[in-house]
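Results of the structural survey
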Amino acid sequence: MNSATPPVNPPSKRGDGRRGRWDHHREQRRAELTAAAIEAIRLHGPDVGMEAIAAHAGVSKPVLYRYFADKSELWLAVGQEAGGIIVEAMVPAVANVREERAVIAAVIDVYLAQIEADLNLYRFVVHQPDVARHRDVVADVMDTVASGLARIFGDRLRARGLDSGAALPWAYGVVGYVQAVGDWWLRQQQPISREALGEYLTTFLWGGIAGISRAADIPGGLSAFTAPTEDS
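Rules of the game
- Counting restarts for each chain: residues are numbered from 1 in the order of the written sequence.
- Local features are withheld for residues below a pLDDT of 70 in this predicted model, meaning they are given only at 70 or higher, and side-chain atom pairs are given and counted only at 80 or more; totals for whole chains, interfaces and linings count all residues.
- Remark: hydrogens and water are excluded; side-chain values derive from all non-hydrogen atoms of the structure.
- Numbering of helices and strands runs from the N terminus, with a helix taken as a DSSP run of H or I at least four residues long and a strand as a DSSP run of E at least two residues long.
- Using a 1.4 Å probe on the protein chains alone, a residue whose accessible area is under 20% of its type maximum counts as buried, one over 50% counts as exposed, and one in between counts as partly exposed.
- Note on areas: Shrake-Rupley with a 1.4 Å probe; residue coverage comes only from the protein chains shown.
- Between two residues, a contact is recorded if the distance between any of their heavy atoms is within 4.5 Å.
- One less than the residue count of a helix, multiplied by 1.5 Å, gives the span that helix is expected to have.
- Here a pair means two rings of Phe, Tyr or Trp (six-membered ring of Trp) with centres within 6.5 Å. Their orientation is stacked below 30 degrees between planes, edge-to-face above 60, and tilted elsewhere.
- Note on geometry: axes are C-alpha line fits, over the in-contact stretch for helices, and angles between N-to-C directions span 0 to 180 degrees.
- By convention, the crossing between two helices is left-handed when the near helix turns anticlockwise from the far helix through less than a right angle, and right-handed when the turn is clockwise.
- Residues are grouped as follows: nonpolar covers Ala, Val, Leu, Ile, Met, Phe, Trp, Tyr, Cys and Pro; charged covers Asp, Glu, Lys and Arg; every other residue, Gly included, is treated as polar.
- Among the buried residues, those of types Ala, Val, Leu, Ile, Met, Phe, Trp, Tyr and Cys that are joined through side-chain atoms within 4.5 Å form a nonpolar core.
- Nitrogen and oxygen atoms within 3.5 Å of one another constitute a polar contact, given that in protein one can donate a hydrogen and the other can accept it, and given that sequence-neighbouring residues count only through two side-chain atoms.
- Known as pLDDT, the predictor's per-residue confidence is scaled from 0 to 100.
- We count a salt bridge whenever a side-chain nitrogen from Lys or Arg sits within 4 Å of a carboxyl oxygen from Asp or Glu.

Another point: the overall build of the protein. On a plain count of helices and strands, the protein comes out with nine helices and zero strands. Listing every helix and strand of the protein by position from the N terminus yields α-α-α-α-α-α-α-α-α. The buried share of the protein, reckoned over its 232 residues, is 37%. Accessible area for the protein stands at about 13,600 Å²; split by element, carbon and sulfur atoms hold 54% of it.

Listed below in structure tokens is the structure:
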């Protein structure tokens, strides 16, 4: 047989097509069950069990376990969805903001507003003691938010002719600080208003941003803060 001659019985692609349709159906069903789980968490609280989640979704527990091996896998899916909700809310909030302090204020306000309005969901994701955490979904959310802030900070630093290398660690510092204080705020049953807390956090964080801006205007710029060399 000539090497260019196609085989008499070429492999059928119908099996691959069926597998693709099944994978799509499975992902779609998982998304539907995740949405139902979030509704159940909002309704019944962060300690809701798999049986109540299955009942709310209109399926049996065995069916729920076909799509999520255990509660940890469902927790991961819910956490990723919850993170997406926060990030999606932040994008339009900062899209038209040009002044640096206003960017910080907008990000903080969106985050605090989201966790305050969706308290049961927040507690399910962040304070879930009975799941095996093979992956930290909270860290995934923080990575997403910090990466977005780092791009904003990097642009601002470069616009002033400064090294943008500080943008990423600075962004993680902001995100970590706000997340930790926001968690304290909820655990203490919101001892001050969201608006007041947002202003406190913005003012504190803005000190670091303004400090870098001022450093750009003094002789030596940020190099004034570098460690001395052996020859100095």
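Okay, the environment of Thr202 next. Looking at where Thr202 falls in the secondary structure, it is placed in helix α9 (residues 194-215). Spatially, the C-alpha atom of Thr202 lies 9.5 Å from that of Val178, the residues being 24 residues apart in sequence. With near-sequence residues (within four places) excluded, Thr202 lies in contact with Arg101, Ile104, Ala105 and Ile108.

This part is about helix α7 (residues 137-159). In this model α7 runs 34 Å from its N-terminal to its C-terminal C-alpha over 23 residues, within 8% of the 33 Å that 1.5 Å per residue would give. Gly161 sits one or two positions beyond α7 and adopts a positive phi of about 75°.

Turning our eyes to something else, we now look at the packing of aromatic side chains. For any pair of aromatic rings, the description rests on two quantities: the centre-to-centre distance and the angle between the ring planes. As enumerated under the stated definition, the model contains one aromatic pair in all. Between the aromatic rings of Tyr177 and Phe204, the centroid separation amounts to 5.2 Å while the plane-to-plane angle is 25°, which identifies the pairing as stacked. Linking Tyr177 in helix α8 (residues 167-187) with Phe204 in helix α9, this pair joins segments that are 27 residues apart in sequence. The partly exposed category is assigned to Tyr177, whose relative accessible area is 27%. The exposure class assigned to Phe204 is exposed, which follows from its relative accessible area of 56%.

Running from N to C, helix α4 (residues 71-95) and helix α5 (residues 100-117) cross one another at 145°; their axes reach a closest spacing of 9 Å. With respect to the hand of their crossing, α4 and α5 are arranged in right-handed fashion. Each of Ile85, Ile86, Ala89, Met90, Ala93 and Val94 in α4 lies in contact with α5, whose residues at this interface are Val103, Ala106, Val107, Val110, Tyr111 and Gln114. Residues of the contact of α4 with α5, tallied by class, amount to 11 nonpolar, one polar and no charged.

Judged by nonpolar contacts, the single largest core of 61 residues is most densely connected at Leu64, Val78, Tyr111, Leu112, Val125 and Phe153. The element that contributes the greatest number of residues to this core is α7, accounting for 10 residues. Beyond its immediate chain neighbours, meaning those up to four positions away, Leu64 contacts Leu33, Met50, Ile53, Ala54 and Val59.

Over its 25 residues, α4 extends 36 Å from the first C-alpha to the last, a length consistent with the 36 Å expected when each residue adds 1.5 Å. The N-cap residue of α4 is Asp70: its side-chain oxygen and the backbone nitrogen of Ser72 are 3.2 Å apart.

Here the focus is the confidence of the model for the protein. Across the protein, the average pLDDT comes to 80, with 79% of residues at 70 or higher. No element of the protein has a lower mean pLDDT than α9, which averages 77, and none a higher one than helix α2 (residues 50-57), which averages 94.

As a further point, take the pattern of salt bridges. Across all of its chains, the model carries eight salt bridges by this definition. Close ionic contact of Glu199 with Arg101 constitutes a salt bridge, the shortest N to O distance being 3.0 Å. In this pair, Glu199 is assigned in helix α9 and Arg101 in helix α5, connecting sequence segments 98 residues apart. We note a salt bridge from Arg194 to Glu116, for which the minimum N-O separation is 3.2 Å. Linking Arg194 in helix α9 with Glu116 in helix α5, this pair joins segments that are 78 residues apart in sequence. Ionic contacts of the salt-bridge type, sharing partners, join the residues Asp109, Glu116, Arg194 and Glu195 into one network.

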